Amino acid sequence: MSVTLVSVMFVAAGLIALGAFIAAWKRQLTAALTGLPLVFAGAGIAFAGVARFSTAASGPPLVGQEMAVLLVIVALAAVALGVGLAGRESSR
Amino acid sequence: MDSLHAIGFYVSAALAGVGGLGLAFARRHERRGLALGLVGVGVAGAYASLSAGFAAVIALLCYAGCALLIARPDYRTVEHSVGTVWRQLGAVGAAVLFAALAYAAYRGDFVHATFYGGPFGSLSLARLMFAHDALATEAVGGIVLVALIGAAAAWRRERPRDHTEGRP
């Protein structure tokens, strides 16, 4: 059993599509918002996979991991902002 | 990559997938928070299997924060007025997106290179983030700061009227 970049990309595609499905399907705004971290998680896994398996020798090898870290932080900020805005809307 | 890492990756990916399905179909927000935590554990495990230990730690912390935000007791809901047809079109679009991404992954001609980094890589990552790409890191930090300030300002409730009325 081994992991290749193709299998990593399959997992990333599944997470991105699942996140897009949640964002499109859910009726509640805050529930739909939970698809966003899933999309970012899929993108982060794709970046980390490229950094692990396919980084060119000339470039910095960990740019993909850096992107994964930044995407995770942005996902947290997006959820916090969305939950805050939803609370403001519902209190009106 | 040895078999142990491969098993770890696939188990973590399955955990993230199960968590994502839970997010999609759970009705109560506490369960959605739990599912988001499961997604975080799965994503962190996948990162760790891909020799991105530092990203795994950050993912675990951030997704735990997301899960707590979703599962908090004073959760409020907002219904948005999108029709059923548009929701179904969105679901079909998500399926088409998966098919397109999977096809691109299957047909892609990827360069294969040997990875020389360690399993955690925090020192190299810190050098990259705070020296090589410092401006990008600061930009993302600024965006996150503005988002968190906006969230705090939006979440702040008005004081009840009876506390302010009748005061001199």
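In this text the structure is predicted, and so the values were computed from the model without any measurement. (Residues numbered from 1 in each chain as written. Chains lettered and ligands numbered in written order. Predicted model: local features only at pLDDT ≥ 70, side-chain atom pairs only at ≥ 80, totals over all residues.)

1. Remarks on the overall build of chain A
So, point 1. Per the secondary structure count, chain A includes 4 helices and 0 strands.
So, point 2. Secondary structure elements in chain A, listed N-terminal to C-terminal, are α-α-α-α.
So, point 3. Within chain A, the proportion of its 92 residues that are buried is 67%.
So, point 4. In chain A, once contacts between residues fewer than 6 apart in sequence are set aside, the share between residues at least 24 apart is 56%. (Helix = DSSP H or I, 4+ residues; strand = E, 2+ residues; numbered from the N terminus. Buried ≥ 20, exposed ≤ 12 C-beta atoms within 10 Å, placed from the backbone. Contact = placed C-beta atoms within 7 Å.)

2. Details of the overall build of chain B
So, point 1. Counting secondary structure elements, chain B contains 7 helices and 0 strands.
So, point 2. Its C-alpha atoms give chain B a radius of gyration of 21 Å, clearly above 15 Å, the size a compact globule of 168 residues would have.
So, point 3. Principal axes of the C-alpha set define a box for chain B whose edges measure 75 × 45 × 30 Å.
So, point 4. Counting every position in chain B, which comprises 168 residues, the buried fraction comes to 28%.
So, point 5. Counting contacts in chain B only where the partners sit at least 6 residues apart, residues at least 24 apart contribute 60% of the total. (Rg over C-alpha atoms; globule rule 2.2 N^0.38 Å.)

3. Some thoughts on the confidence of the model for chain B
Residues and elements named next belong to chain B.
So, point 1. Overall, the prediction assigns chain B a mean pLDDT of 84, with 90% of residues at 70 or greater.
So, point 2. Least confident of the elements in chain B is helix 7 (residues 161-164), whose mean pLDDT is 50; most confident is helix 2 (residues 29-49), at 93.
So, point 3. Interface scoring of the predicted complex returns ipTM 0.90; its pTM is 0.86. (pLDDT = per-residue confidence, 0-100.)

4. Quick notes on unusual backbone geometry
So, point 1. If you check the backbone angles, B:S51 has positive phi at about 60° while not being a glycine.
So, point 2. Relative to the elements of secondary structure, B:S51 occurs in the loop between helix 2 and helix 3 (53-71).

5. Here we look at the packing of helix 1 (residues 5-25) of chain A against helix 3 (residues 35-53) of chain A
What describes two packed helices is the angle between their axes and the distance between those same axes.
Residues and elements named next belong to chain A.
So, point 1. Close contact between helix 1 and helix 3 brings their axes to 7 Å; oriented N to C, the two are set at 165°. Considering the angle they form, helix 1 stands roughly antiparallel to helix 3. You can see that helix 1 and helix 3 cross each other, and the crossing is left-handed.
So, point 2. Grouping the constituent residues of the contact of helix 1 with helix 3 by class yields 20 nonpolar, 4 polar and no charged. (Axes fitted to C-alpha atoms, helices over the stretch in contact; angles between N-to-C directions. Parallel < 35°, antiparallel > 145°, perpendicular 65-115°, else oblique. Left-handed = near helix turned anticlockwise from the far one by under 90°. Nonpolar A, V, L, I, M, F, W, Y, C, P; charged D, E, K, R; others polar.)

6. Structural notes on the interface of chain A and chain B
So, point 1. Across the contact, 65 residues belong to chain A and 73 residues belong to chain B.
So, point 2. Ranked by residue count, the leading element in the side of chain A that touches chain B is helix 4 (residues 63-90) of chain A, at 24 residues.

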